[in-house]
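# Structure assessment
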Amino acid sequence: MKKRILSLLVAFMATFGLLVSCSAQKEALDISDEEQAVFNSQEEKEVEIKDEESEYEIIIIEPGFYTWLLSIARPEGYYSQSFLENRNQLLVMEWNRRVVQPGNFNPNLYMFQIDYDSNIDYGYEVNYKLYNYFVYFQRKYKQRLGPFLPRI
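Below you will find a few notes about this structure. Along every chain, residues carry numbers that run from 1 in the direction the sequence is written. Only residues with pLDDT of at least 70 get local features here, since the model is predicted, and only at 80 or more are side-chain atom pairs given and counted; chain-wide, interface and lining totals rely on the full set of residues. Calculated side-chain values reflect all of the structure's heavy atoms, with hydrogen atoms and water omitted.

### Digging into the overall build of the protein chain
Helix and strand definitions here come from DSSP, where helices need a minimum of 4 consecutive H or I residues and strands a minimum of 2 consecutive E residues; each element is numbered from the N-terminal end. Assigned secondary structure in the protein chain consists of 5 helices and 2 strands. Counting from the amino terminus, the protein chain carries its helices and strands in the arrangement α-α-β-β-α-α-α. The buried label goes to any residue with under 20% of its type's maximum accessible area, the exposed label to any with over 50%, and the partly exposed label to all in between, with areas taken from a 1.4 Å probe on protein chains only. Taking all 152 residues of the protein chain together, the buried fraction comes to 33%. Note on contacts: a residue pair qualifies if any of its non-hydrogen atoms lie within 4.5 Å across the two residues. By sequence separation, contacts in the protein chain at least 24 residues apart represent 65% of the contacts at least 6 residues apart.

Structure representation (structure tokens):
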């Protein structure tokens, strides 16, 4: 009797697991023609991310990012600073994890660690541009750095 119950339980769990894995599909990102054109552009205008008060600075030289930030990304003020800080903290942790695992992740995509301390107030602009770089990066290179789809 115990074997039968255990067998039924194992069979139920295996069936349930199979159904869940079959129905769980990855959502495809909806990339517009305009966004794809920006991804394909070779324009290399640098984006400087800095906060005058805290003196933190990041310079991103990524073809198309400047144009994407101005034309496709949500405008400044759309997200709250706390939203940006929370997302950046998660995204930076995953980014840095990938940097130190070049055998598992493309070292041409994940070259340098990002020094982001959640206890420091980097200001809105730094958080806004860093977050949008992560969104741009994930959409352009079809990566997923966290549990959230990189949506615009």
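### Concerning the nonpolar core
Only buried residues count toward a nonpolar core. Its members are Ala, Val, Leu, Ile, Met, Phe, Trp, Tyr and Cys residues joined through side-chain atoms within 4.5 Å. With 32 residues, the main nonpolar core has Phe 65, Trp 68, Trp 95, Tyr 110 and Phe 134 as its most contacted residues. Elements supplying a minimum of two residues to this core: α2 (33–40), β1 (47–51), α3 (65–71), α4 (81–99) and α5 (124–141). Ranked by the residues each element gives to this core, the list is headed by α5, at 9 residues. Here Phe 65 is in contact with Val 47, Ile 60, Lys 129, Asn 132, Tyr 133 and Tyr 136, once residues within four sequence places are set aside.

### Focus: α2
Those residues of α2 that fall on the buried side of the exposure criterion are Glu 35, Val 38 and Phe 39. The buried residues of α2 all sit within an arc of 100° when viewed along its axis, so they share a single face. Exposed side of α2, more than 90 degrees from the buried face: Asp 33 and Asn 40 are the residues found there. Against α3 and α5 lie the buried residues of α2. It is the directions from the helix axis to the C-beta atoms that the arc portrays.

### Re empty space enclosed by the protein
The way it works is a 1 Å grid over only the protein atoms, where trapped points that fit a 1.4 Å probe form a cavity and open points with protein on both sides within 12 Å along at least five of seven lines form a pocket, and then any residue with an atom within 4 Å of a point lines it. Grid points are joined across faces, edges and corners, and a volume is the space filled by probe spheres set on the points. Applying the stated criterion across every chain, the model contains 1 cavity of 30 Å³ or more. Considering the residues around the largest cavity, the lining is formed by Arg 87, Leu 91, Tyr 131, Val 135, Gln 138, Phe 148, Leu 149 and Pro 150. Mapped onto the lining of the largest cavity, the elements with two or more residues apiece are α4 and α5. Ranked by residues supplied to the lining of the largest cavity, first place goes to α5 with 3 residues. Under the convention adopted here, Pro, Cys and the residues Ala, Val, Leu, Ile, Met, Phe, Trp and Tyr are nonpolar, Asp, Glu, Lys and Arg are charged, and Gly plus all remaining residues are polar. Here the lining of the largest cavity is built from residues that sort into 6 nonpolar, 1 polar and 1 charged.

From the geometry alone we can't say anything about function, so treat these as descriptive.
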